Amino acid sequence: MPVATPQQYAEMIDAAQKGNYAYPAINVTSLATINGALKAFSESGSDGIIQVSTGGGSFASGLSVADEAYGAIVLAEAVHLLAEKHDVLIALHTDHCHPQKVDGFLRPLLDASRKRIAEGKGPLFQSHMFDGSVIDLDANMKISAELLKECAELGIILEVEAGCVGGEEDGHDTSDLPAEKLYTTTEDMIQVYETLQPIGRFMFAATFGNVHGAYKPGSVKLKPTILRDGQAAVTAKHGAASQMDFVFHGGSGSELSDIRETLEYGVIKMNIDTDTQYAFTRPVVTHICENIESVLKIDGEVGVKGKYDPRSYLKKGEQGLCERMKEACDDLQSTGKSIYKKG
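Just so it is clear, the model here is predicted, and its values are computed rather than measured.

Structural notes on helix 7 (residues 186–196)
Turning to step 1, where the next piece is worked out: Taken as a whole, helix 7 has its buried residues at Met189, Ile190, Val192, Tyr193 and Leu196. Down the axis of helix 7, the sector holding all buried residues measures 160°, keeping them to one side.
Turning to step 2, where the next piece is worked out: On its buried side, helix 7 packs onto helix 6 (137–153), strand 5 (157–162), strand 8 (202–206), helix 8 (225–238) and strand 9 (245–248).

Take a look at the structure:
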């Protein structure tokens, strides 16, 4: 089954950590974006991570429902079915969930996984993110520890964040944060490890200048050495086996050299959203502009059905997203490294 089991997901992460590569993790909102991502991973020979945000879940549930958790379940179930047609491993993940949305988003998804497990299936999602960066670290770790215990019981990995990613994503805006908040301290990293490691496996979105949104190359000033120093402090205190699985958020506009450097320090997952949104939208806009008289019924004409049929341009969006995701696999050096073996 190409949607990873908990054991396979752990093996994916271990392989990336050992091999100094990372998995692109793409936010999806529809069947077209799911299929574009699956096509990219298949053609790249790369395992990958497909993730859903609260806003993506709300969108997927429809305008009249607007239920974040329900839409996330719909998208996840679609991935479980569609991934069966591909020969790479896919893990399902949920993106930033802030404290006020835990009960309405994260816990219903954990309940959905409990139901699947009771039916003899694997969990619906293989990992979830709790973003407690909006509260102080002690409070963040208290909630993180509680959630990790629930996740670990289901074979699910929890992603946490300490330090804030700047910019705006999915309606959450941290643009006015002071610069120092964009960098996780070594002390914070040690506290995160010591709090969570005894409970279960976790991924850590430590921040090192990351900013959500679209930026020209060179505009985002990253300090990957923050990851290096934090990792070194933890392993110096707790041994080589304590190396943490880092997650890279807010990478749009980052230099390839910075991206590759983070792989040396333990980044095994990099979120891709802003760039794939544009990669999907650009060919759609090109189609509309090049066929404007066919797409629109101008001056009493009837247009051309084949040109305004949504499939005609959504296919192009799907392919555009696919090409950008293949580029991400190359950048993160996961191309050709799928661990999936047919049983």
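Focus on a nonpolar patch on the surface
Turning to step 1, where the next piece is worked out: There is a patch of nonpolar side chains on the surface, built from Val65, Tyr70 and Val74 and spanning about 280 Å² of accessible area.
Turning to step 2, where the next piece is worked out: Looking at the element boundaries, Tyr70 is found in helix 4 (residues 68–82).

Re the packing of aromatic side chains
Turning to step 1, where the next piece is worked out: Taken as a whole, this structure holds three aromatic pairs when the rule is applied.
Turning to step 2, where the next piece is worked out: Between Tyr21 and Tyr23, the ring centres sit 5.6 Å apart and the planes meet at 80°, which makes this aromatic pair edge-to-face. In terms of burial, Tyr21 and Tyr23 fall into one category: buried.
Turning to step 3, where the next piece is worked out: Over the ring of Tyr183 we find Lys223, and its NZ or CZ is 4.7 Å from the ring centre.

Topic: the pairing of strand 4 (residues 127–130)
Turning to step 1, where the next piece is worked out: Alternating positions in strand 4 separate into two faces, Ser127 and Met129 on one and His128 and Phe130 on the other, with burial throughout.
Turning to step 2, where the next piece is worked out: Inspection of the sheet shows strand 3 (residues 90–94) paired to strand 4 by two bridges, in the parallel sense. Bridging across to strand 4, Thr94 finds its partner in His128.
Turning to step 3, where the next piece is worked out: Taken together, strand 3, helix 5 (residues 102–118) and strand 4 form a β-α-β motif whose crossover is right-handed.
Turning to step 4, where the next piece is worked out: Note that strand 4 and strand 5 share four bridges and pair parallel. Bridged to His128 within strand 5 is Leu158.

Remarks on the nonpolar core
Turning to step 1, where the next piece is worked out: In terms of nonpolar packing, the biggest core is built from 74 residues, with Phe41, Ile50, Val192, Phe202 and Phe204 touching the most fellow members.
Turning to step 2, where the next piece is worked out: In contact with Phe204, other than residues within four places in its own chain, are Val160, Glu161, Ala162, Thr184, Met189, Val192, Met244, Asp245, Phe246 and Val247.
Turning to step 3, where the next piece is worked out: Tyr9, Tyr23, Met203 and Ala205 belong to the second largest nonpolar core, which has 18 residues in total.

Focus on the sheet that holds strand 2 (residues 48–52)
Turning to step 1, where the next piece is worked out: Within the closed barrel, the eight strands sit side by side as 1-2-3-4-5-8-9-10. Their pairing is parallel. Each neighbouring strand pair of the sheet contributes to a mean axis angle of 25°, computed without reference to strand direction.
Turning to step 2, where the next piece is worked out: Strands in contact with helix 5 are strand 2, strand 3 and strand 4; relative to strand 4, the strand with the most contacts, it is inclined by about 165°.
Turning to step 3, where the next piece is worked out: The sheet contacts of helix 13 (residues 310–331) involve strand 1 (23–27) and strand 10 (267–272), and relative to strand 1 the element is tilted by about 150°.

Observations concerning the pattern of salt bridges
Turning to step 1, where the next piece is worked out: All told, the structure shown has 19 salt bridges when counted by the stated rule.
Turning to step 2, where the next piece is worked out: With its nearest N and O atoms 3.3 Å apart, the salt bridge here joins Arg116 to Glu77. Of this pair, Arg116 sits in helix 5 while Glu77 sits in helix 4, and the two are 39 residues apart along the sequence.
Turning to step 3, where the next piece is worked out: Relative accessible area serves as the criterion here: at 11%, Arg116 is assigned to the buried category.
Turning to step 4, where the next piece is worked out: Glu150 is paired through a salt bridge with Arg114; the nearest N and O atoms lie 3.3 Å apart. On the criterion of sequence distance, the pair formed by Glu150 in helix 6 and Arg114 in helix 5 is long-range, its members being 36 residues apart.

Structural notes on unusual backbone geometry
Turning to step 1, where the next piece is worked out: Unlike most non-glycine residues, Asn20 shows phi in positive territory, near 55°.
Turning to step 2, where the next piece is worked out: Examined against the element boundaries, Asn20 turns out to sit in the loop between helix 1 (6–19) and strand 1.
Turning to step 3, where the next piece is worked out: A positive phi angle is found at Gln333, which is not glycine, with a value near 65°.
Turning to step 4, where the next piece is worked out: Along the chain, the position of Gln333 falls in the segment after helix 13.
Turning to step 5, where the next piece is worked out: Given the relative accessible area of 31%, Gln333 is considered partly exposed.

How each quantity is defined
Residues numbered from 1 in each chain as written. Predicted model: local features only at pLDDT ≥ 70, side-chain atom pairs only at ≥ 80, totals over all residues. Heavy atoms only, no water. Buried < 20%, exposed > 50% of the residue type's maximum accessible area, 1.4 Å probe, protein only. Helix = DSSP H or I, 4+ residues; strand = E, 2+ residues; numbered from the N terminus. Arc of directions from axis to C-beta. Contact = heavy atoms within 4.5 Å. Patch = residues over 30% accessible without salt bridge, like charges linked within 9 Å, V, L, I, M, F, W, Y side chains within 5 Å. Areas by Shrake-Rupley, 256 points an atom, 1.4 Å probe, with all protein chains shown as cover. Salt bridge = Lys/Arg side-chain N within 4 Å of Asp/Glu carboxyl O. Phe/Tyr/Trp six-rings, centres within 6.5 Å; stacked < 30°, edge-to-face > 60°. Lys NZ or Arg CZ within 6 Å of the ring centre and 35° of its normal. Pairing = 2+ DSSP bridges. Right-handed = clockwise from strand over helix to strand, strands pointing away. Core = buried A, V, L, I, M, F, W, Y, C linked by side-chain atoms within 4.5 Å. Axes fitted to C-alpha atoms, helices over the stretch in contact; angles between N-to-C directions.

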